[in-house]
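Architecture at a glance
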Amino acid sequence: MTSPHAPRYSRITGTGSCLPPHKLSNADMVALLAARGIETSDDWIVERTGIRNRHFVADGVNASDLALVACRDALEAAGVKADAVDLIVVATSTPDMVFPSTASILQNKLGIHGCAAFDVQAVCSGFVYALTVADAMIKTGSARCALVVGSEVFSRILNFDDRTTCVLFGDGAGAVVLQESAVPGILATDLHADGRHVGILCVPGTVSGGQVIGSPLLTMDGPAVFRLAVGVLEGAARAVLDKAGRSEADIDWLVPHQANIRIMQSTARKLKLPLEKLVATVDAHGNTSAASVPLALDVAVKQGRIQAGDTVLLEGVGGGFTWGAVLLDY
Ligand code: UT7
């Protein structure tokens, strides 16, 4: 806890994650699509994306359930009891219900009541957006101990007749405990959106008059998203480095949105980072949208790769079109 006069910062004190047990390899996807008369291959998926496996939830398991496991994991790592949490921000595009928020449902499952809880909707940039909001709330004294979560059940919105999208996505959750601190953790944040591109990655349907109006399934112009993503990520990285007065050489770890290994490697190359500094877990879980950054962060922390004091660059990009970055000292 800081004194009222000391500068107030926010710092990640624990990370956690959750992948549902049902794992599907590329071979499983080949078989699943073949049953529908659609061709794909392990070679195509690995070469174009780096994905080898993804995890799908069982019937009845929702984003809040995965979030709950990830949050308990993060709270344990931080040595913090759930009742110390005074803010819950969940990034998700696959909420349990139209409303209330998945954050409210999660709060109840955590057995804590009364603290602020809300969802952030920025698709695959969601975690970077949520972390930025929680950081600002801690810095302005609105919160002291936040759970910041990305949780998704994208298997529920996939079109298994569309091989250009259904092989790419999976389910999962990642969470961090973000606490008030006298020393800086989060150094700088940078968020963007360009609504001219809403159509290139969307679930266009909605609920009206008791019916689903329009398609409730994900549609994506992959090459258009790819081009935009490789174009914007370097700028967001440079913006947070400038704001924090740091340089590329100060980055110990790049933890980008896990959609496509080619996009991640391109960003690392533009920042002149050796590929050993890139945290890539996309092979293990595919694109888990808002969950991918905290999932990858947790894996790297648990593996002992990211250590206390390391400078970490988080980057998100996705539907909206949204993108952003967070630079932090872990
Ligand atoms: O999470 C938010 C951010 N999302 C992303 O960052 C995703 C960005 N986009 C991408 O990662 C890539 O664009 C994809 C992985 C989606 C696609 O890779 P690509 O190299 O851009 O391939 P493409 O869409 O240009 O398709 C190349 C070929 C096409 O065949 P033709 O027209 O060349 O004969 C596709 O029909 O690959 C074909 N193809 C497939 N073949 C086997 C597309 N999907 C598949 C598939 N299996 N699953």
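See the structure above.
Residues numbered from 1 in each chain as written. Predicted model: local features only at pLDDT ≥ 70, side-chain atom pairs only at ≥ 80, totals over all residues. Heavy atoms only, no water.

Once that is clear, we can look at the overall build of the protein. Along its length, the protein carries ten helices and 15 strands. Computed over the C-alpha atoms, the radius of gyration of the protein is 19 Å, within 12% of the 20 Å expected from 2.2 N^0.38 for a compact globule of 330 residues. By its C-alpha atoms, the protein is 65 × 45 × 40 Å across when sized along the principal axes. For the protein, contacts bridging at least 24 residues in sequence account for 77% of all contacts bridging at least 6. Total accessible area on the protein stands at roughly 13,400 Å², and carbon and sulfur atoms take up 54% of it. On the protein, the mean spot of the 26 positive side-chain charges and the mean spot of the 33 negative ones are 3 Å from each other. (Helix = DSSP H or I, 4+ residues; strand = E, 2+ residues; numbered from the N terminus. Rg over C-alpha atoms; globule rule 2.2 N^0.38 Å. Contact = heavy atoms within 4.5 Å. Areas by Shrake-Rupley, 256 points an atom, 1.4 Å probe, with all protein chains shown as cover. Lys, Arg positive; Asp, Glu negative; His and termini not counted. Charge placed at Lys NZ, Arg CZ, Asp CG, Glu CD.)

A separate point is unusual backbone geometry. Note that the residue after F99, namely P100, is joined by a cis bond; omega there is 5°. Along the polypeptide, P100 turns up in the loop between β4 (87–91) and α4 (102–110). With an omega of -5°, the peptide bond between G320 and F321 qualifies as cis. Considering the arrangement of structural elements, one finds F321 in the loop between β14 (311–318) and β15 (322–329). Notably, V123 is not glycine yet its phi reads approximately 50°, a positive angle. Of note in this structure, S289 is not a glycine but carries a positive phi near 50°. Tracing the chain through its elements places S289 in the loop between α9 (282–285) and α10 (292–302).

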